[in-house]
Amino acid sequence: MYLRYQPDIAELQLSRIQASSAQTYKTGANHFKTFLVQQGVTMLDLLNSSPTDLHNVAACFVTYLSFLTARNTTTPIDSKVINGYLTHVVHLLINNGVIDSADQFRCPSTSRLVAAIV
């Protein structure tokens, strides 16, 4: 059923997110897609994952992001950027039918992990 509505969902997404925000959301989503490829995981794998597995993916993604640097610098990206990227990923996962709400990806331990990044 999701595949049948996927074009409508994508169209709704485009009409609800301003063009400037769409580019920002794309950045976090692209980092996540790169992370998945490096881990040998697909979106279909996530679709079949348990809530605990999804929370573990989120924690691993936060750890992955903590090693990235800001564009054209050697400065690691900060926790605010990482938190924003998590929001982008939640948006991506909801739009791809993997999750229905943010708490299915974000959890208290992931929030603590983000907060611990300086």
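Residues numbered from 1 in each chain as written. Predicted model: local features only at pLDDT ≥ 70, side-chain atom pairs only at ≥ 80, totals over all residues. Heavy atoms only, no water.

1. Observations regarding the environment of C60
We apply this condition: Where helices and strands are cited, they refer to DSSP runs of H or I of at least four residues and of E of at least two residues respectively, numbered from the N terminus. Each residue is assigned to one of three classes by its accessible area relative to the maximum for its type, calculated with a 1.4 Å probe on protein chains only: buried under 20%, partly exposed between the two thresholds, exposed over 50%.
Tracing the backbone shows C60 in helix α4 (residues 51-66). Assessed through its relative accessible area of 45%, C60 is described here as partly exposed. For the pair C60 and T110, spaced 50 residues apart in sequence, the C-alpha separation works out to 9.1 Å.

2. Let's talk about the confidence of the model for the protein chain
Inclusion rule: Note on scores: pLDDT gives the predictor's confidence for each residue, bounded by 0 and 100.
Residue-level pLDDT values for the protein chain average 86, and 86% of them are 70 or greater. Across the protein chain, the element-wise mean pLDDT spans from 69 in helix α1 (residues 2-16) up to 95 in α4.

3. Some thoughts on the packing of aromatic side chains
As a reminder, the rule being used: Side-chain rings of Phe, Tyr and Trp (the six-membered ring for Trp) are treated as a pair once their centres are within 6.5 Å; stacked means planes under 30 degrees apart, edge-to-face means over 60, and tilted covers the remaining angles.
Scanning the entire structure with this criterion turns up six aromatic pairs. On the basis of an interplanar angle of 90 degrees and a centroid distance of 5.0 Å, the ring pair of F32 and F61 is categorised as edge-to-face. Of the two residues, F32 sits in helix α2 (residues 19-39) while F61 sits in helix α4, which places them 29 residues apart along the sequence. The class for F32 is buried, based on a relative accessible area of 0%.

4. Let's talk about the packing of α4 against helix α6 (residues 108-116)
As a reminder of what qualifies: Interaxial angles span 0 to 180 degrees and are taken between N-to-C directions of axes, which are lines fitted to C-alpha atoms, for helices over the stretch in contact. An angle below 35 degrees is read as roughly parallel, one above 145 as roughly antiparallel, one from 65 to 115 as roughly perpendicular, and any other as oblique. Whether two residues touch is decided by their heavy atoms; if any such pair falls within 4.5 Å, the residues are in contact. Classes in brief: Ala, Val, Leu, Ile, Met, Phe, Trp, Tyr, Cys and Pro nonpolar; Asp, Glu, Lys and Arg charged; the others, Gly included, polar.
As a packed pair, α4 and α6 sit with axes 9 Å apart at the nearest point and diverge in direction by 10 degrees. Our classification of the angle between α4 and α6 gives roughly parallel. Between α4 and α6, the contacting residues are H55, A58, A59, V62 and T63 on the first element and T110, L113 and V114 on the second. Of the residues belonging to the contact of α4 with α6, the class tally is five nonpolar, three polar and no charged.

5. Here's the deal with α4
Stated precisely, the cut-off is as follows: Expected helix span is given by 1.5 Å per residue-to-residue step, counting one fewer step than there are residues. Throughout, the arc means that of the directions going from the helix axis to the C-beta atoms.
Under the 1.5 Å per step criterion, the end-to-end length of α4 is 23 Å for 16 residues, consistent within 8% with the ideal 22 Å. Of all the positions in α4, only L54, V57, A58, F61, V62, Y64 and L65 are classed as buried. Down the axis of α4, the buried side of the element spans an arc of 160 degrees, and every buried residue falls inside it.

6. A look at helix α5 (residues 79-95)
Taking 1.5 Å as the rise per residue, α5 with 17 residues should run 24 Å; its terminal C-alpha atoms sit 24 Å apart, in good agreement. Residues I82, Y85, L86, H88, V89, V90, L92, L93 and N95 constitute the buried set of α5.

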